[in-house]
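# What the coordinates show
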Amino acid sequence: QLQLVESGGGLVQPGGSLRLSCAVTLDYYAIGWFRQAPGQEREGVSCITSRGESTYYADSVKGRFTISRNAAKNTVYLQMNSLKPEDTAVYYCAKSWYLYCSDNGGNYHSWGQGTQVTVSS
């Protein structure tokens, strides 16, 4: 897949949960989740190797977000719990050139169009 497809975004209250999905071929290469809020730099959120050997989480989401994969469905998930207003952003999934995880967006060659997550009362 040259373009990835995200789904699952929406509006949720603080403390709530969402699960994002990314339709992507799980072959050899790492899959990352990134986010970008208005006026902010893009930041790496999480990453998983295609075979699930390794994962990565940004400090800001560690303990609240969980990345997982379902190879049979060619899907990567980002379970987001205990959501905070500062989690509000457009979330993107991306496929890496490399086998293992990185938080550097320059290591990723294929990106989805993003899904909006809004955390607000």
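The preceding data block contains the structure.
Just so it is clear, the model here is predicted, and its values are computed rather than measured. (Residues numbered from 1 in each chain as written. Predicted model: local features only at pLDDT ≥ 70, side-chain atom pairs only at ≥ 80, totals over all residues. Heavy atoms only, no water.)

## Here's the deal with the state of the cysteines
So the rule is basically this: By disulfide we mean two sulfur atoms from cysteines, separated by a distance within 2.5 Å. Runs of E in the DSSP output that reach at least two residues are strands. Runs of H or I that reach at least four are helices, and both are numbered from the N terminus. Here the term buried applies to any residue with accessible area under 20% of the maximum for its type, exposed to any over 50%, and partly exposed to those in between, with areas from a 1.4 Å probe on protein chains only.
Taken as a whole and judged by the stated rule, the model has two disulfides. Paired through a disulfide, C22 and C93 show a sulfur-sulfur distance of 2.2 Å. Its S-S torsion of approximately 75° makes the covalent link between C22 and C93 right-handed. Here the residue C22 occupies a position in strand β3 (residues 18-23), and C93 occupies one in strand β9 (residues 89-96), the gap between them amounting to 71 residues. The two residues C22 and C93 agree in class, both being buried. Put simply, C47 and C101 are joined by a disulfide, and their sulfur atoms are 2.3 Å apart. In this structure the cystine formed by C47 and C101 twists about its S-S bond by roughly -90°; its chirality is therefore left-handed. Taken together, the residues span a long stretch of sequence, with C47 in strand β5 (residues 43-48) and C101 in the loop between β9 and β10 (108-111) at a distance of 54 residues.

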